[in-house]
Amino acid sequence: MTMDKKFYITTPLYYVNAEPHIGHSYTTIAADILARRMRRSLGAGRVWFLTGTDEHGQKIQRAAAQAGIEPQAFADGIARKFKDLWADLGISYDDFIRTTEERHKQFVRRVLEIVYQKGDIYQSTYEGWYCSPCESFWTEEQAVDKLCPDCRRPVEHIAEQNFFFRLSKYQDWLISYIEEHPDFVRPVIRRNEVLSFLRQNTLTDLCISRPKERLSWGIPLPFSPGHVTYVWFDALINYISAVGEFDADGVYRSKWWPADVQLMAKDILRQHAIYWPIMLRALGIEPPHSLLVHGWWLINDAKMSKSRGNVVAPLDMSKKYGVDVYRYFLVREVPFGLDGNFSEEAIVKRFNGDLANDLGNLVFRTLTMVEKYYNGNVPAVDIGAYRFDERGAEIVRLIGGIDGLMEQSLSPAQDANFSAALEQLWGLINMANKYVEETKPWNLAKESKDEQLRAFMRLLVEVIRTAGSLIEPFMPGTARSIKEQLGRDTIAKGAPLFPRIETDGKKRTEKK
Ligand code: MSP
């Protein structure tokens, strides 16, 4: 049972071993923008936006032990922080799934049973070099001189009974699937990466269990209670456990699956482009339509991480500059698939340029003039029928076409090019600003060119109405404010939307 037209979008489930940083907020904001956009075109009831937290496994068990509390209590605390952050950032998710929830655990057990019965999970010996302080397994090649590549302490050879998932059986199928579905992995550079990996390597089966003595914080295997499920095998399943169920015959039923867009950064591409479609295949479930893979936010060219101590807290940024400014900055500054360096100077530059000078200025000067010339009553002019000069006519055309242009840029086939979509919108905003400067409406007023001034003012109002509406997925608060200031027929001008920031970091209120 699937709907004709629907849109199901997911973010990765974030680990709860540490607090959220700007990287997590980036993916989630991107998903929110696409979800909000699709709700406008398909209707709210046809969009499902899933996010959540990944709570099992060694990382979390270890972080909880360090904090001296039980893993569940530790996970509860961090999951709460993610939820609070999403509320502060205006994230309109429809469901937040935690992998420690009963609904998910039950579903994972069912998956394991189905795949086990099918013969795609088997028991075997797992051998490797183990670093007990790091609790990590290494291969022969990684453990050079029998030392842990991370901490340089001696590793020990371990052989233990585990369960394996037959990835290898599906390798050829996966290669053909990716070849035949150009939109399955986007952008194309990531698709090529996966394809060349698959063509050059023979997949080894995936060890999907851990003996309980070594790791207790996980979902016990239904057919071997002495083992818990490997965290990736558990976590990936959330995308289907949250939106459907198996019937008595093991057939998966969902109103939303297959996902239309699954977002993530390149760090977890392999799990999503290899393990995940194969797991689905073993279950007889269709793969998602598109995995949309973005780049990393870096700090001085290094990836943010807790151990490097270079983590930027999203809430600090959104409090300092405003939620909408933060949202805008992240998706405007760097094309979606690429890496970018995060800096506050860059935020201030975008703020003063795109937001204060361009958008804020257009809204403020337009409403000021409507107040001044027409007591706040927007002139009733049909801009489609009025004969404008060349630039005016171009603006009218753009008002009609801009939504479609942005729609295209944001599609998975264009790799959800947020910055291009915003550039298109800013093309309209800047053209309108230029039109003000060229037309010099104050002269029209002086010369009593009333018909021209009325049409001109109406056109500007239509530009900000359009911009205000199309900016909504990106900057919901700003969109609301523009809408309120525009009122119905009588405008209600407020303070400038983006008072310029002086470079000492303080905000200054524009002179009226
Ligand atoms: N728990 C796994 C995912 C399981 S999905 C079934 C995981 N969690 S994570 O907390 O490490 O989140 C990784 C994801 O967070 C990245 O793929 C990306 O979406 C986002 N980001 C984390 N750091 C990032 C940057 N520095 N820059 C951009 N996005 C980043 O992996």
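Residues numbered from 1 in each chain as written. Predicted model: local features only at pLDDT ≥ 70, side-chain atom pairs only at ≥ 80, totals over all residues. Heavy atoms only, no water.

Quick look at the overall build of the chain
In step 1: If you tally the helices and strands in the chain, you get 17 helices and 18 strands.
In step 2: Its C-alpha atoms give the chain principal-axis dimensions of roughly 90 × 50 × 40 Å.
In step 3: Expressed as a percentage of the 512 residues in the chain, the buried residues total 55%.
In step 4: Contacts spanning at least 24 positions in sequence make up 75% of the contacts within the chain whose residues lie at least 6 apart.
In step 5: Computed over 66 positive and 67 negative side-chain charges, the separation of the two mean positions in the chain equals 4 Å. (Helix = DSSP H or I, 4+ residues; strand = E, 2+ residues; numbered from the N terminus. Buried < 20%, exposed > 50% of the residue type's maximum accessible area, 1.4 Å probe, protein only. Contact = heavy atoms within 4.5 Å. Lys, Arg positive; Asp, Glu negative; His and termini not counted. Charge placed at Lys NZ, Arg CZ, Asp CG, Glu CD.)

Remarks on the side chain of Arg190
In step 1: Within the secondary structure, Arg190 sits in helix H6 (residues 188-200).
In step 2: Not counting residues up to four positions away in its chain, the partners in contact with Arg190 are Val185, Lys266, Leu269, Val293 and Gly337.

A few points about the site of the ligand
In step 1: The environment of the ligand is formed by 24 residues, the closest being Leu13, Thr27, Asp54, Asp267 and Trp297.
In step 2: Interatomic distance of 3.0 Å between a backbone N/O atom of Tyr15 and an oxygen atom of the ligand.
In step 3: A distance of 2.9 Å separates a nitrogen atom of the ligand from a polar atom in the backbone of Trp297.
In step 4: Protein burial of the ligand: of its 670 Å² of free accessible surface, 95% is covered by the chains.
In step 5: Elements represented by at least two residues in the shell around the ligand include exactly strand S1 (7-15), helix H1 (22-42), helix H7 (231-236), helix H8 (238-241) and strand S14 (261-265).
In step 6: A total of 4 residues in the shell around the ligand trace back to one element, the largest contributor, which is S1.
In step 7: Class assignment for the residues of the shell around the ligand results in 14 nonpolar, 8 polar and 2 charged. (Near = heavy atom within 4 Å. Polar contact = N/O pair within 3.5 Å; in protein donor to acceptor, adjacent residues only side chain to side chain. Areas by Shrake-Rupley, 256 points an atom, 1.4 Å probe, with all protein chains shown as cover. Nonpolar A, V, L, I, M, F, W, Y, C, P; charged D, E, K, R; others polar.)

As for the packing of helix H5 (residues 171-180) against H6
In step 1: Remark: H5 packs on H6, axes separated minimally by 10 Å, with the N-to-C direction vectors making an angle of 150°. Here H5 lies roughly antiparallel to H6, going by the angle between them. The two elements H5 and H6 meet at a crossing, and its hand is left-handed. Contacts between H5 and H6 involve Gln171, Leu174, Ile175, Ile178 and Glu179 from the former and Arg191, Val194, Leu195, Leu198 and Arg199 from the latter.
In step 2: For the contact of H5 with H6, the per-class residue count stands at 6 nonpolar, 1 polar and 3 charged. (Axes fitted to C-alpha atoms, helices over the stretch in contact; angles between N-to-C directions. Parallel < 35°, antiparallel > 145°, perpendicular 65-115°, else oblique. Left-handed = near helix turned anticlockwise from the far one by under 90°.)

A closer look at the pairing of strand S6 (residues 156-165)
In step 1: Looking at chain direction, strand S4 (residues 121-131) and S6 are connected through 10 bridges and run antiparallel. Bridge pairing links Ile121 to Phe165 in S6.
In step 2: Pairing between S6 and strand S8 (residues 206-207): 2 bridges, direction antiparallel. Across the sheet, residue Phe165 finds its bridge partner in S8, namely Leu206. (Pairing = 2+ DSSP bridges.)

Focus on unusual backbone geometry
Most peptide bonds are trans, and most residues other than glycine sit at a negative phi.
In step 1: Cis rather than trans, the peptide bond between Arg186 and Pro187 has omega equal to -10°.
In step 2: Within the secondary structure, Pro187 is located in the loop between strand S7 (185-186) and H6.
In step 3: The step from Trp257 to Pro258 runs through a cis peptide bond, and the omega angle for that step is 5°.
In step 4: Mapped onto the fold, Pro258 is located in the loop between strand S13 (252-254) and S14.
In step 5: Even without being glycine, Asp301 reaches a positive phi, approximately 70°.
In step 6: Asp301 gets classed as exposed once you look at its relative accessible area, which sits at 61%.

Notes on the nonpolar core
In step 1: Counting residues in each nonpolar core, the largest one holds 101 residues, and the members touching the most others are Ile9, Trp297, Phe342, Phe418, Leu425, Trp426 and Phe474.
In step 2: In terms of residue count, the dominant contributor to this core is helix H12 (residues 344-374) (13 residues).
In step 3: Excluding residues that lie within four positions of it along the chain, Phe342 makes contacts with Ile22, Trp297, Leu298, Ile299, Val312, Met317, Tyr326, Phe329, Leu330 and Ile347.
In step 4: Formed by 60 residues, the second largest nonpolar core is a distinct cluster that contains Leu112, Tyr170, Leu195 and Met264. (Core = buried A, V, L, I, M, F, W, Y, C linked by side-chain atoms within 4.5 Å.)

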